[in-house]
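For reference, the chains in residue letters:
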Amino acid sequence: MSNTTSRRSFIKLAAAGTIAAGATDRVFALEPQERRISAGDKIRIALIGAGGRGMGITPSALRVPGVELVAVADVYDGRLIRSKEVWGQQIATTRDYREILSRSDIDAVIVATPDHWHSQISVDAMNAGKDVYCEKPMVQQIDEGNGVIEAARKNSRIFQVGSQHVSSLIYQKAKELLAAGAIGKLNMIEACWNRNSATVSRPSPRCMTCSTGVKPMARSKTL
Ligand SMILES: NC(=O)c1ccc[n+]([C@@H]2O[C@H](COP(=O)([O-])OP(=O)(O)OC[C@H]3O[C@@H](n4cnc5c(N)ncnc54)[C@H](O)[C@@H]3O)[C@@H](O)[C@H]2O)c1
């Protein structure tokens, strides 16, 4: 680590890593790669909980080549009707998510129900052999977490929690830069979440500062 790294060279490095100001949403996710998909490469998914979030993130999953939505479960019929309008009449719909889990042609599910269902549906899904992308929070009660981890391990399933903020490429790149000594000695951490949305009435930006040699600061996002 060099303490002589200049501000100019740091900014160059940062820009290369797209953490420069003005970076768009694209830096939050890996862009799908263009490639040919054979029938065997297809990943068939289902959405469980087609509310605001489920309808919002499923199109992102469908941008990945080879991913196909085949079924939607929701306890509210209006959401099922809307799902067919959006994704086509061929989409199978049900009020009972267990019907989806019993299908052998579904590889993975998105769980975007309210929080109190996350643990139960995720565990059931992994026990049924499905990989799971579950919205945050992973569980509602802390002790439910062990059951989810156990189900993932026991069934060798992929389980991802939708705290997209902490999965962001921005943080990966910041970690790399830090490890490479790009900023020299760490003296202060300032974290900031800017949100210029007229539709969400939360204070924005929210910033925190801490000076070091203090431990790294953990921070949770509650959107
Ligand atoms: N990661 C993020 O940034 C982010 C943002 C918003 C919401 N969320 C999370 O996403 C989840 C959903 O939030 P939302 O705003 O979409 O809520 P919502 O109420 O709009 O949608 C939830 C849907 O789940 C359905 N549902 C309820 N119980 C069900 C069950 N047993 N089986 C099938 N469907 C069921 C409801 O009918 C509803 O359509 C929450 O856990 C929330 O914390 C995450």
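One structure accompanies this document, and this report is about it.

The rules behind the values
Residues numbered from 1 in each chain as written. Predicted model: local features only at pLDDT ≥ 70, side-chain atom pairs only at ≥ 80, totals over all residues. Helix = DSSP H or I, 4+ residues; strand = E, 2+ residues; numbered from the N terminus. Buried ≥ 20, exposed ≤ 12 C-beta atoms within 10 Å, placed from the backbone. Near = placed C-beta within 6 Å. Expected span 1.5 Å × (residues − 1). Contact = placed C-beta atoms within 7 Å.

When helices and strands are tallied, the protein chain shows seven helices and eight strands. Expressed as a percentage of the 223 residues in the protein chain, the buried residues total 19%.

It is worth spelling out the site of the ligand at this point. The local shell around the ligand holds 23 residues, among which Gly49, Gly51, Gly52, Arg53 and Glu135 are the closest. If one sorts the elements of the shell around the ligand by residue count, helix α2 (residues 52-62) sits on top with three residues.

Further remarks concern helix α6 (residues 144-155). Here α6 spans 17 Å end to end across twelve residues, near enough to the 16 Å set by a 1.5 Å rise per residue. The positive-phi residue at the C-terminal boundary of α6 is Ser156, with phi of around 50 degrees.

Mapped onto the fold, Leu101 is located in helix α4 (residues 97-101). For the pair Leu101 and Ala46, spaced 55 residues apart in sequence, the C-alpha to C-alpha distance is 9.1 Å. With residues near it in sequence (within four places) discarded, Leu101 still touches Asp124, Ala125, Ala128 and Lys130.

Summarising burial for helix α5 (residues 118-127): seven of the ten residues are buried, a large majority. Turning to α5, its buried residues number three or more, namely His118, Ser119, Ile121, Ser122, Val123, Ala125 and Met126. Elements that come into contact with the buried residues of α5 comprise β1 (43-48), α4, β4 (108-111), β5 (131-135), α6 and β6 (159-162). Once α5 finishes, Gly129 follows within two positions and takes phi at roughly 90 degrees, a positive value.

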